[in-house]
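One-letter residues, chain by chain:
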Amino acid sequence: MTTQSNAERIEGRIAVIGVDTPVARLVPSRHRRTIGAWCFLDHLGPADFAPGEGMNVGPHPHIGLQTFTWMIEGEVRHLDSLGNDIVITPGQVNLMTAGHGISHAEVTPPVTSPRVHASQLWIALPDSHRHMHPQFQNYQDLPIYTQDGFSVTLLVGARDGHTSPVEVYTPLLGLDLYSKDGGTTQLALNPTFEHGIVALQGTVAIDGEVLPHGTLHYQPTGATSVNIQTSADARVLVVGGEPFTEEIIVWWNFVARTHDEIAVARADWVAEAPRFGKVDHPHAGTRLTVPPLEGHLKGAH
Ligand code: MN
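Quick look at the structure, then.

1. Overview of the layout of surface pockets
Roughly 350 Å³ of volume is contained in the largest pocket. Put simply, the parts of the chain that give the lining of the largest pocket at least two residues each are strand 2 (13-17), strand 4 (38-48), strand 5 (56-62), strand 6 (65-73), strand 10 (102-107) and strand 11 (115-124).

Laid out in structure tokens, this is it:
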């Protein structure tokens, strides 16, 4: 077994999505901008919204990335400029490939349970695919198998004889491990991948060290396995991938390569250019306003 002494613990921060929905943001941070092509990792909830309240993120654009939503509890309604209107339910993944440009809104549908628990991630598209036509997929059937009493859902990638249908464009892994009764398992890792591990619920220890909620356990390439130990009713998210070597610029909802590309995308959103289409739905909420360009992006070439 490869030594894990080069693993790092990186504290996340609280961020706000939409108008007022708090999330724990684990990626990016000053210390870790990507894990493979995963360039964004938010943990939402578990939380109980008051009646009539919920997640309300109005129409906003994306370029150069895939948004990936893993729904654990509750429901979120996705509306986009391609005309999709999908309520994602627990155990499902939504994958929106922005490519050259798309816009979408995410709102809480009127449901009986106010509970929401989800993880939302972004995947940077490689240069070969970042200008592609936008698309949206809702995956209802992901491979689920059992390992040492853990229920393992294969969100992205291939392992243990299973292949996730989620369509990505660089070598990636996404796993959800749930333990009903508590237990321990030695999780094999691809040593050419770097990995990130997040405790989503319950008490979780990685290689014998408790991993606090809101903290990322980062494992660089070279490791062949990691030990995961949990309390009862615990959930762990594992993401991984080949280190993404393309230099990216992440600004607001855009992933690009140059400051000019960011400035053009920003101007296109302001001008309501056809590139981003329209989220044409009465429940989509208020179109989000793009922030001003920061100094280092202004007039850059
Ligand atoms: Mn979005």
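Don't stop here, the text continues.
2. Things to note about the packing of aromatic side chains
On inspection of all chains with the given rule, the structure shows six aromatic pairs. Each ring, one from F254 and one from F276, has its centre 6.2 Å from the other, and the planes form 15 degrees; the classification is stacked. Of the two residues, F254 sits in strand 26 (residues 254-256) while F276 sits in the segment after helix 1 (259-270), which places them 22 residues apart along the sequence. Between the aromatic rings of W269 and F276, the centroid separation amounts to 5.9 Å while the plane-to-plane angle is 75 degrees, which identifies the pairing as edge-to-face. When sorted by exposure, W269 lands in the same class as F276, which is buried. Through a chain of ring-to-ring contacts, the aromatic side chains of W251, W252, F254, W269 and F276 assemble into a single cluster. If you follow R32 out to its NZ or CZ, it ends over the ring of Y218, 4.0 Å from the centre.

3. Topic: empty space enclosed by the protein
In this approach a probe as big as a water molecule rolls over the atoms, and the regions it shows empty are the leftover space. Inspection of every chain in the model, using the stated rule, returns two cavities of 30 Å³ or more. Put simply, the second largest cavity is a space of about 30 Å³. Forming the boundary of the second largest cavity are T67, T69, H78, N94, M96, E106 and F136. Looking at the lining of the second largest cavity, the elements that each hand over two or more residues are strand 6 and strand 9 (93-97). Partitioned by chemical class, the residues of the lining of the second largest cavity number two nonpolar, four polar and one charged.

4. Thoughts on the coordination of the manganese ion
Of the protein atoms, only H60 (NE2), H62 (NE2) and H104 (NE2) coordinate the manganese ion, at distances of 2.1 to 2.2 Å. Residue classification places H104 among the buried residues on the basis of a relative accessible area of 2%.

5. So, the sheet that holds strand 24 (residues 234-241)
Taken in spatial order, the seven strands of this open sheet run 1-22-19-24-17-14-13, and their pairing is antiparallel. At either margin of the open sheet sits one strand with a lone partner, and together these are strand 1 (8-11) and strand 13 (144-147). Along the sheet, successive strands turn relative to each other by an average axial angle of 25 degrees, direction set aside.

6. A closer look at the side chain of T230
Looking at where T230 falls in the secondary structure, it is placed in strand 23 (residues 225-230). In this structure, T230 is in contact with F150, S179, G182, G183, T203, V204 and V236, ignoring residues within four places of it in sequence.

7. As for the sheet that holds strand 3 (residues 21-27)
The sheet built from seven strands is open, its strands ordered 2-3-4-11-6-9-12 with antiparallel pairing. Edge positions in the open sheet fall to strand 2 and strand 12 (135-139), since each of these has one partner strand only. Adjacent strand axes in the sheet meet at a mean angle of 25 degrees when their direction is disregarded. In this structure, strand 4 lies alongside strand 11, joined through eight bridges in antiparallel fashion. From the neighbouring strand, F40 faces strand 11, where its bridge partner is W122.

Procedures and definitions
Residues numbered from 1 in each chain as written. Predicted model: local features only at pLDDT ≥ 70, side-chain atom pairs only at ≥ 80, totals over all residues. Heavy atoms only, no water. 1 Å grid on protein atoms, 1.4 Å probe; cavity = no way out; pocket = protein on both sides within 12 Å on 5 of 7 lines; lining within 4 Å. Points joined across faces, edges and corners; volume = space filled by probe spheres on them. Helix = DSSP H or I, 4+ residues; strand = E, 2+ residues; numbered from the N terminus. Phe/Tyr/Trp six-rings, centres within 6.5 Å; stacked < 30°, edge-to-face > 60°. Buried < 20%, exposed > 50% of the residue type's maximum accessible area, 1.4 Å probe, protein only. Lys NZ or Arg CZ within 6 Å of the ring centre and 35° of its normal. Nonpolar A, V, L, I, M, F, W, Y, C, P; charged D, E, K, R; others polar. Donors = N, O, S within 2.8 Å, 3.2 Å for Na, K, Ca; no water. Pairing = 2+ DSSP bridges. Axes fitted to C-alpha atoms, helices over the stretch in contact; angles between N-to-C directions. Contact = heavy atoms within 4.5 Å.

Just distances and angles here, no functional claims.
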